[in-house]
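# Architecture at a glance
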Amino acid sequence: MNEAVMREEVVAARGIKVAFGAVKALDGADLVLRAGECVGLVGHNGAGKSTIVNVINGGLSPQEGTVSYGGAAGYHGIAAARASGVRCVFQELSLCPNLTVTENVRVMHGDLKGFGWRRRGLSLVSGQLDEIFPGHRIDCDSTVEDLSIAERQMVEIAISFAACTERPRLVILDEPTSSLDAGLAAQLMTYVRRFVAAGGSVLLISHILGEILSTCDRIVVMKDGKVVADRPATDFDTRRLVETMGSVVREHGFQRTAKEKAREPILSMEARHGSQLGLQAFSGEIIGLAGLGGHGQTEALLDLYLSANSNWWPAREPKMAFVAGDRALNGTFSLWSIRRNLSISSLKALSSRSMVDPALEDGLSDTWKKRIEIRTPDMHNPILSLSGGNQQKVLFARALATTARIVLMDDPMRGVDVGTKQEVYEILRAEAAAGRTFIWYSTEMDEIRLCDRVYVFRDGAIAAELVGDQITEANVLAASFAGGEAA
Ligand SMILES: Nc1ncnc2c1ncn2[C@@H]1O[C@H](COP(=O)(O)OP(=O)(O)OP(=O)(O)O)[C@@H](O)[C@H]1O
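Residues numbered from 1 in each chain as written. Predicted model: local features only at pLDDT ≥ 70, side-chain atom pairs only at ≥ 80, totals over all residues.

### Digging into the overall build of the protein
The helix and strand tally for the protein stands at 17 helices and 20 strands. Per-residue burial for the protein yields a buried fraction of 46% across its 487 residues. A separation threshold of at least 6 residues defines the contact pool for the protein, and within that pool the share at least 24 residues apart is 69%. (Helix = DSSP H or I, 4+ residues; strand = E, 2+ residues; numbered from the N terminus. Buried ≥ 20, exposed ≤ 12 C-beta atoms within 10 Å, placed from the backbone. Contact = placed C-beta atoms within 7 Å.)

### Let's talk about the sheet that holds strand 18 (residues 437–441)
Reading across the sheet, the six strands line up as 14-17-18-13-19-20 and stay open at both edges, with mixed pairing between neighbours. Only two strands of the sheet have a single partner each, and these edge strands are strand 14 (320–323) and strand 20 (461–467). Taken pair by pair, the neighbouring strands of this sheet meet at an average axis angle of 20°, ignoring direction. With four bridges joining them, strand 14 and strand 17 (residues 406–410) adopt parallel strand pairing. Across the sheet, Phe 322 pairs through a bridge with Leu 408, a residue of strand 17. Here helix 17 (residues 473–480) sits on the sheet and contacts strand 13 (286–290), strand 19 (453–458) and strand 20; the angle it forms with strand 19, its principal contact strand, is near 30°. (Pairing = 2+ DSSP bridges. Axes fitted to C-alpha atoms, helices over the stretch in contact; angles between N-to-C directions.)

### Some words on the site of the ligand
Looking at the ligand, there are 22 residues lining it, with Phe 20, Ala 25, Ser 50, Ser 387 and Gly 389 nearest. Residue assignment for the shell around the ligand shows that the elements contributing at least two residues are strand 2 (23–34), helix 2 (49–56) and helix 14 (388–400). Here the shell around the ligand is composed, by residue class, of five nonpolar, 14 polar and three charged. When residues of the shell around the ligand are assigned to domains, at least three fall in each of domain 1 (3–244) and domain 2 (267–480). (Near = placed C-beta within 6 Å. Nonpolar A, V, L, I, M, F, W, Y, C, P; charged D, E, K, R; others polar. Domains from an automatic or database assignment.)

### Focus on the nonpolar core
By size, the foremost hydrophobic cluster in this structure holds 73 residues, and its most contacted members are Ile 56, Ala 158 and Leu 203. Residues contacting Ala 158, with those up to four places away along its chain left out, are Val 125, Gln 128, Leu 129 and Ile 132. Core analysis: the next-biggest nonpolar cluster, separate from the first, contains 57 residues, Val 323, Ala 324, Ala 404 and Tyr 455 among them. (Core = buried A, V, L, I, M, F, W, Y, C linked by C-beta atoms within 7 Å.)

### Observations regarding the pairing of strand 18
For a regular strand, the rule is simple: side chains alternate between the two faces of the sheet. Of all five residues in strand 18, five are buried, a share of seventy percent or more. Burial along strand 18 is two-sided: Thr 437, Ile 439 and Tyr 441 and Phe 438 and Trp 440, pointing in opposite directions, are all buried. Here strand 13 runs beside strand 18; their pairing, made up of four bridges, is parallel. Looking at strand 18, one finds that Leu 289 is bridged to Tyr 441.

### Let's talk about helix 17
Listed as buried for helix 17 are Asn 475, Val 476, Ala 479 and Ser 480. Buried residues in helix 17, looked at end-on, bunch into an arc of 135°, giving them a common side. (Arc of directions from axis to C-beta.)

### What to know about the packing of helix 4 (residues 101–108) against helix 5 (residues 117–132)
Orientation of helix 4 relative to helix 5, taken along the N-to-C sense of each, is 100°, at an axis distance of 9 Å. By the angle between their axes, helix 4 is roughly perpendicular relative to helix 5. Across the interface between the two elements, Val 101, Thr 102, Val 105 and Arg 106 of helix 4 pack against Trp 117, Arg 118, Gly 121, Leu 122, Leu 124 and Val 125 of helix 5. Residues of the contact of helix 4 with helix 5, tallied by class, amount to six nonpolar, two polar and two charged. (Parallel < 35°, antiparallel > 145°, perpendicular 65-115°, else oblique.)

### Some words on the domain arrangement of the protein
By the assigned domains, the protein splits into domain 1 (3–244) and domain 2 (267–480). The distance between the C-alpha centroids of domain 1 and domain 2 comes to 28 Å. Across the contact, 23 residues belong to domain 1 and 22 residues belong to domain 2. Looking at the side of domain 1 that touches domain 2, the elements with two or more residues in it are helix 6 (149–161) and helix 7 (182–197). Tallying contributions element by element places helix 7 first for the side of domain 1 that touches domain 2, with three residues.

### Quick look at the sheet that holds strand 9 (residues 218–223)
Adjacent strands of a sheet form backbone hydrogen bonds with each other and so pair up, either parallel or antiparallel. As summarised here, the arrangement of the six strands in space is 6-7-8-3-9-10, forming an open sheet in which the pairing is mixed. Pairing within the sheet leaves two strands with one partner each, and these edge strands are strand 6 (86–89) and strand 10 (226–232). Strand-to-strand twist of the sheet, defined as the mean angle between neighbouring strand axes without regard to direction, takes the value 15°. Pairing of strand 3 (residues 38–43) with strand 9 involves five bridges; the strand directions are parallel.

### A word on the environment of Met 108
Mapped onto the elements, Met 108 comes out in helix 4. Placed 193 residues apart in sequence, Met 108 and Leu 301 show a C-alpha to C-alpha distance of 34 Å.

### Here's the deal with unusual backbone geometry
Of all residues except glycine, most have a negative phi; of all peptide bonds, most are trans. Phi is positive for Glu 373, close to 50°, though the residue is something other than glycine. Position of Glu 373 relative to the elements: it lies in the loop between helix 13 (358–371) and helix 14. Given 16 C-beta atoms within 10 Å, Glu 373 falls into the partly exposed group. Positive phi values are uncommon outside glycine, yet Asp 459 reaches one of about 50°.

### A word on the environment of Arg 167
One can find Arg 167 in the loop between helix 6 and strand 7 (170–174). What makes Arg 167 partly exposed here is the crowd of 14 C-beta atoms within 10 Å. Placed 132 residues apart in sequence, Arg 167 and Ala 35 show a C-alpha to C-alpha distance of 13 Å.

Put into structure tokens, the structure is as follows:
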């Protein structure tokens, strides 16, 4: 018997079937997690990853199959999972926005009670934050809605790993680094390895294949509700992983454009916060905003957007479209259908005599459903019936479907699978070649490398402008830290 099989079973889900109406979210999936291992779970958007997490977490009862905790089949549910030491950091963050960080610890840890709980909760979460993200600057007395999306993600991760009366045995991390910059993501992965070395178990779900390959001991690949591979991580490299997921690795032979300077910029932002550098965008360029997360990139995008649009009366033909990064907060209309979520920014083009033409609206939604493969049987279904990555695709389609000449993107690829990302990159290239301009904040270096020109942000200001071959990870990192010199 090999070592993995001998290790103690923390959770085992076998033969799991879950259907939502006509959609078979899980179609006989197996997933076994053991102590002392980090398992990577990958698959295309809608493959069933979050659904199997909900089953393991006890929040969803399967129509068929069994779930056992600690090797003993028995009661299944949230309480059983919790009692077995299962904790989960959800893709759609679940902190209460109107409570402080410490009060959220109290909500998540029912055993934190009695006199002095606030003081104990504060030291629990701040200690855990220090351990996972040394050097973080989160004030645990602040209200969650005042934190950035990255800080909220960090807090939720810290609360899940924190041991109040009992240590967690299995922590499920569903897209934990989607809002973290490379430095914070690396800190988290280092901590995950420490937790696993001490006997803990981690299930890591991510579309960033590099972190799966470098952090996990075993990788499980899902496709259309089934597990199609379950092997040691050493059996995979990026290409094999992508192919097992059912996508094809494409080489990007993008030709960077050198269009600037000769013409008038179509957009500019003055230098700020003591920097000498402002931002200029020319027609047909893809401009990247890089740097450590939370250093003013999102604020710069919002300022650019508000410089051309009213924030209370939407223009009928806006000059700029905006793809929001925090889809739950300011991206999706959660009570609307997928189709309405997609068409909302194109109403003028879809209207005749001031009335929206349903046939045109259906045409638009069918076109984009095919173009970026929105996985749903019916675009009239509610937006929340989509998996997270598919919701993000709808936000993308909403912006690209407009006639806006400039598209601002606030780290828009969060949770989008690798196959779709490649499709979207090609759409961006084609649209840029046709004259559209993209200003793209991304926390992923692979995306920053696809840009024609990059502005690196530091402390709210532009610290460096990199063009063409200057766009390297080393130069971005050097400019991201005070005293660093980009080559
Ligand atoms: N509450 C629901 N109602 C209807 N369909 C649902 C519901 N939840 C999930 N689904 C469907 O089940 C399938 C699996 O979704 P799931 O969220 O598990 O995918 P995923 O692999 O986590 O995707 P992603 O990478 O985008 O997060 C999808 O087709 C999704 O649309």
